[in-house]
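Remarks on the overall topology
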Amino acid sequence: MLRQPKAVWATAGASVVAFMGIGLVDPILPSIARGLHATNSQVSLLFTSYFLITAVAMLITGFVSSRIGGRKTLLAGLALVVVFAALSGMSGSVGELVGFRAGWGLGNALFVSTALAVIVGAAAGGSSAAILLYESALGLGMACGPLLGAVLGDMEWRYPFFGTAVLMAVGFIAITAFLKEQPKPAARTSLLAPVKALGHGGLAATAASAFFYNYAFFTVLAFTPFVLNMSPYKSGGVFFAWGVLLAVFSVLVAPRLQRRFGSLKVLCGSLLLFAADLVVLGYGDHTTAIVCTVLAGAFIGVNNTVFTELALGVSDAPRPVASAGYNFVRWFAAAAAPFLAPKIEEWTDIHLPFVVAAVAAVTGAGIVAVRRRALTMEAEERAPQHATEDGVTAFAR
């Protein structure tokens with residue numbers, strides 16, 4: 001994995017920063033609310049606008065990259081992130097910040113959806129090393145994003161946005177310098193190809209289950225900082241530990257569990273355990289909430305890996321097309337959860353958002369159980385075989 005061309009390292013390094021942007025605002029959500037005189041539900045729209053645009057953009061990423069090439073798509077995505085991250089730091093109102101985060105989401109969608117294909121195409125040593133490098137970048141980014149947000153955000157809530165813009169600009173320069181344009185696909189991808197791919201029963205079931213799972217996932221990511229109500233440093237430490245568990249269980253633990261028990265059993269069990277963790281998080285005291293937040297990273301790491309492997313292998317659609325259709329569905333839940341969780345708290349109490357998230361996770365497990373026949377051939381036969389051969393699973397975002 002370490003003997004890779006500079007182009008691969010440049011893309012992987014930019015991927016770390018791209019994934020950092022997802023959890024970057026976690027520790028500073030309360031600070032942003034105070035700085036812009038906004039409510040919790042208004043600030044949570046930072047996630048909603050980001051992931052709503054990301055979901056829609058999944059329909060155009062393949063269309064764009066198949067026409068202008070992977071390198072230009074990466075650079076376009078990075079340029080958009082640089083511009084909109086900097087504008088986010090200069091926002092004068094929560095409305096402006098929400099709008100700029102939407103533009104950031106478009107750039108991130110273009111970059112992240114193309115990065116894995118570029119790394120695999122440019123890597124030495126086969127796809128297994130490339131995928132492991134990509135997963136490592138994802139885990140490192142998810143772990144370090146909250147930490148960077150805490151360190152910079154403790155001084156001023158605007159600084160994490162400027163910091164991201166600078167790091168992505170460095171990534172832009174590195175990719176410009178080291179990554180050569182790769183051959184364009186033989187066939188161009190149509191705008192409707194990801195939607196048509198969802199006509200496959202197995203892929204549709206995977207996307208539907210992942211939709212409910214992602215609602216639970218992003219309830220933890222976007223709503224828990226308000227519940228913990230800690231300083232940026234302390235909140236960043238909690239989500240750093242969360243991200244470390246996510247990375248370890250995604251890269252190291254999930255493949256081993258799949259080889260021993262099979263993908264579907266692992267997925268159902270992890271979703272149910274995640275649901276139990278959410279209920280305890282919602283009704284426990286402050287210390288219990290911290291422990292359960294960190295522990296959620298383990299279940300999320302396993303779920304993300306197995307879900308993505310299913311999405312990439314359950315149908316006969318090309319991997320980029322299947323991934324786009326799958327992500328198109330699941331990111332809508334990532335947009336809904338940050339908006340609905342604070343609203344549910346306003347309408348009821350602070351416990352119920354976690355109960356709703358737990359029910360969503362159980363629903364995801366139920367879909368996998370009911371649709372197991374549509375998933376069995378790929379999930380139970382091909383996935384463990386791939387895990388044995390590759391040692392990793394594809395975790396694309």
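Cut-offs used in this document
- Residues numbered from 1 in each chain as written.
- Predicted model: local features only at pLDDT ≥ 70, side-chain atom pairs only at ≥ 80, totals over all residues.
- Heavy atoms only, no water.
- Core = buried A, V, L, I, M, F, W, Y, C linked by side-chain atoms within 4.5 Å.
- Buried < 20%, exposed > 50% of the residue type's maximum accessible area, 1.4 Å probe, protein only.
- Helix = DSSP H or I, 4+ residues; strand = E, 2+ residues; numbered from the N terminus.
- Patch = residues over 30% accessible without salt bridge, like charges linked within 9 Å, V, L, I, M, F, W, Y side chains within 5 Å.
- Areas by Shrake-Rupley, 256 points an atom, 1.4 Å probe, with all protein chains shown as cover.
- Salt bridge = Lys/Arg side-chain N within 4 Å of Asp/Glu carboxyl O.
- Axes fitted to C-alpha atoms, helices over the stretch in contact; angles between N-to-C directions.
- Parallel < 35°, antiparallel > 145°, perpendicular 65-115°, else oblique.
- Left-handed = near helix turned anticlockwise from the far one by under 90°.
- Contact = heavy atoms within 4.5 Å.
- Nonpolar A, V, L, I, M, F, W, Y, C, P; charged D, E, K, R; others polar.
- Phe/Tyr/Trp six-rings, centres within 6.5 Å; stacked < 30°, edge-to-face > 60°.
- Lys NZ or Arg CZ within 6 Å of the ring centre and 35° of its normal.
- Expected span 1.5 Å × (residues − 1).

**Things to note about the nonpolar core**
- Of all hydrophobic cores here, the largest spans 115 residues; its most connected members are Ile-32, Phe-51, Phe-111, Ile-175, Phe-218, Trp-242 and Phe-274.
- The element best represented in this core is helix H9 (residues 201–228), accounting for 14 residues.

**Some details on a nonpolar patch on the surface**
- There is a patch of nonpolar side chains on the surface, built from Leu-147, Val-151, Tyr-233, Phe-240, Val-244, Val-248 and Leu-252 and spanning about 530 Å² of accessible area.
- At the level of elements, helix H6 (127–153) and helix H10 (232–261) are the ones that each hand at least two residues to the nonpolar patch.
- At 5 residues, H10 tops the list of elements feeding residues into the nonpolar patch.
- Here Val-248 shows up in helix H10.
- Take Val-248: its relative accessible area is 34%, and that puts it in the partly exposed class.

**Some thoughts on the packing of helix H1 (residues 6–23) against helix H7 (residues 159–178)**
- Running from N to C, H1 and H7 point in directions that differ by 160°, and their axes come no closer than 9 Å. Between H1 and H7, the crossing angle belongs to the class labelled roughly antiparallel. Viewed along their axes, H1 and H7 form a crossing whose handedness is left-handed. Along its contact with H1, which presents Lys-6, Ala-7, Ala-10, Thr-11, Ala-14, Val-17, Ala-18 and Met-20, the element H7 presents Thr-164, Leu-167, Met-168, Gly-171, Ala-174, Ile-175 and Phe-178.
- Taken together, the residues that form the contact of H1 with H7 break down as 11 nonpolar, 3 polar and 1 charged.

**A short note on the packing of aromatic side chains**
- Scanning all chains against the criterion turns up 17 aromatic pairs.
- Between the aromatic rings of Phe-218 and Trp-331, the centroid separation amounts to 5.9 Å while the plane-to-plane angle is 65°, which identifies the pairing as edge-to-face. One end of the pair, Phe-218, is in helix H9; the other, Trp-331, is in helix H13 (residues 319–347), with 113 residues separating them in the sequence. Both residues of the pair, Phe-218 and Trp-331, count as buried.
- Residue placement shows Arg-330 over the ring face of Trp-331; its charged tip is 4.3 Å from the ring centre.

**Re the side chain of Ser-49**
- By the secondary structure assignment, Ser-49 is in helix H3 (residues 40–68).
- A residue is classified by how much of its surface remains accessible, and Ser-49, at 11% relative accessible area, is buried.
- For Ser-49, the residues in contact, after removing those within four places along its chain, are Val-98, Arg-101 and Ala-102.

**Details of unusual backbone geometry**
- Despite not being glycine, His-37 shows a phi value in the positive range, around 55°.
- Tracing the backbone shows His-37 in the loop between helix H2 (29–35) and H3.
- Phi at Asn-229 is positive, roughly 50°, even though this residue is not glycine.
- By the secondary structure assignment, Asn-229 is in the loop between H9 and H10.

**A closer look at the pattern of salt bridges**
- Throughout the structure, instances matching the rule amount to 2 salt bridges.
- Of the charged contacts in the structure, one is a salt bridge between Glu-156 and Arg-158, with a shortest N-O distance of 3.9 Å.
- Among the residues examined, Arg-158 registers a relative accessible area of 25% and is labelled partly exposed.
- Residues Glu-346 and Lys-343 are paired through a salt bridge, measuring 4.0 Å at the closest nitrogen-oxygen approach.

**Side note on helix H4 (residues 70–89)**
- In this model H4 runs 29 Å from its N-terminal to its C-terminal C-alpha over 20 residues, within 8% of the 28 Å that 1.5 Å per residue would give.
- Within the sequence span of H4, burial applies to Gly-70, Thr-73, Leu-74, Leu-75, Gly-77, Leu-78, Val-81, Ala-85, Ser-88 and Gly-89.
- Elements that come into contact with the buried residues of H4 comprise H1, H3, helix H5 (94–122) and H7.

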